[in-house]
Amino acid sequence: MKNIQISPSILSADFSQLGTEIKKLEEGGADMIHVDVMDGHFVPNLTIGPPVIKALRKHCSLKFDVHLMISPVHKYIKAYADAGADIITIHPEATQSLGESIKTIKDLNKKVGVSLNPESKIDLITEFLDQIDLVLIMSVNPGFGGQKFMPEVLDKIKQLKKIQQEKNLNFDIEIDGGINFENSKIAIDAGANILVSGTTVFKSNDGDIKKNINLLKLK
Ligand code: DX5
Ligand code: ZN
């Protein structure tokens, strides 16, 4: 049984104070930092890129869990690896060859994640499950924080869990979008072991990050 980890999304942080904000996450007990990279093309929002990740790298010793919601993604992978990403998660629809992109991330000695949007089927990634470190299940349509959790994606997590046990695979199952104190338990019970959360971590309980992280972990 994997430990439950919390990967707070800086999408909900104060972008004018990102260095201070990620320090607060580290002090608050975050297990890693979820960095939502958006290009205004794959998703209808634009956030940050390699220069900002590079600048943040020296302010935090936690792993950077970088979620690339960009397309095309393949030609930019090395820039995110060089900027300091530890986990690089891509969407299968954003690359011409998922196998090639997975190999590129691994050749750069980074952990590789693949993300499925709510309407994307597991069939897109089944053949790659033995090559990847993490599957990121989107529980909102990517682009913005603060959206409503889509419980129908939990079936995909249960399917992944079953495949993982049948094939004795060890990839992490991460869920991203609308995670809060009411639904974190059903996400964990379905099989997720990493919870991404932006709004709940930064905005609940008057912004008490440590308390919010602990509540999500069901400590
Ligand atoms: C959507 C983003 C958000 C973010 C989490 O593209 O990926 O899901 O990480 O946002 P909250 O926790 O505010 O839903
Ligand atoms: Zn994300």
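Worth saying up front: this structure is predicted, and the values here are computed from it rather than measured.

Asker: What is the right way to look at the pairing of strand 2 (residues 32-38) in this model?
Answerer: Consecutive side chains along a regular strand alternate between the two faces of the sheet. With seven of seven residues buried, strand 2 lies mostly within the body of the structure. Here strand 2 shows a buried face lined by Met 32, His 34, Asp 36 and Met 38 and a second buried face lined by Ile 33, Val 35 and Val 37. Where strand 2 meets strand 3 (residues 63-69), seven bridges bridge the pair, whose relative direction is parallel. Directly across from Met 38, in strand 3, lies its bridge partner Met 69. Handedness of the β-α-β unit built from strand 2, helix 2 (residues 50-57) and strand 3 comes out right-handed.

Asker: Honestly, unusual backbone geometry in this entry has me stumped. Any pointers?
Answerer: The general pattern is negative phi for most residues beyond glycine and trans for most peptide bonds. Cis geometry is found at the peptide bond from Ser 71 to Pro 72, where omega equals 0°. Examined against the element boundaries, Pro 72 turns out to sit in the loop between strand 3 and helix 3 (77-83). Phi at Asn 109 is positive, roughly 60°, even though this residue is not glycine. Topologically, Asn 109 is positioned in the loop between helix 4 (98-107) and strand 5 (111-116). Classification of Asn 109 as exposed rests on a relative accessible area of 70%.

Asker: Whenever I open this one, the coordination of the zinc ion (ligand 2) confuses me. Can you help?
Answerer: The protein atoms that coordinate the zinc ion (ligand 2) are His 34 (NE2), Asp 36 (OD), His 67 (ND1) and Asp 176 (OD), at distances of 2.0 to 2.2 Å. Ordering the donors of the zinc ion (ligand 2) by residue number gives the pattern H-x1-D-x30-H-x108-D. On the criterion of sequence distance, the pair formed by His 67 in strand 3 and Asp 176 in strand 7 (residues 172-176) is long-range, its members being 109 residues apart. Residue classification places Asp 176 among the buried residues on the basis of a relative accessible area of 8%.

Asker: Mind showing me how you'd approach the pairing of strand 8 (residues 194-197) here?
Answerer: Of the two faces of strand 8, the one lined by Ile 194 and Val 196 and the one lined by Leu 195 and Ser 197 are each fully buried. The pairing of strand 1 (residues 5-8) with strand 8 spans four bridges and is classified as parallel. From the neighbouring strand, Ser 7 faces strand 8, where its bridge partner is Val 196. As a crossover connection, the stretch from strand 7 through helix 6 (residues 184-190) into strand 8 is right-handed.

Asker: Mind showing me how you'd approach the sheet that holds strand 3 here?
Answerer: Two pairing modes exist for strands in a sheet, parallel and antiparallel, and in both the strands are linked by backbone hydrogen bonds. Pairing within the open sheet is parallel, and its eight strands lie in the order 1-8-7-6-5-4-3-2. A single partner strand is all that each edge strand has here, and the edge strands are strand 1 and strand 2. Shown here is a sheet whose adjacent strand axes are inclined to one another by a mean of 25°, direction ignored. The strands touched by helix 4 are strand 4 (87-90) and strand 5; relative to strand 5, the strand with the most contacts, the crossing angle is about 145°.

Parameters at a glance
Residues numbered from 1 in each chain as written. Chains lettered and ligands numbered in written order. Predicted model: local features only at pLDDT ≥ 70, side-chain atom pairs only at ≥ 80, totals over all residues. Heavy atoms only, no water. Buried < 20%, exposed > 50% of the residue type's maximum accessible area, 1.4 Å probe, protein only. Helix = DSSP H or I, 4+ residues; strand = E, 2+ residues; numbered from the N terminus. Pairing = 2+ DSSP bridges. Right-handed = clockwise from strand over helix to strand, strands pointing away. Donors = N, O, S within 2.8 Å, 3.2 Å for Na, K, Ca; no water. Axes fitted to C-alpha atoms, helices over the stretch in contact; angles between N-to-C directions. Contact = heavy atoms within 4.5 Å.

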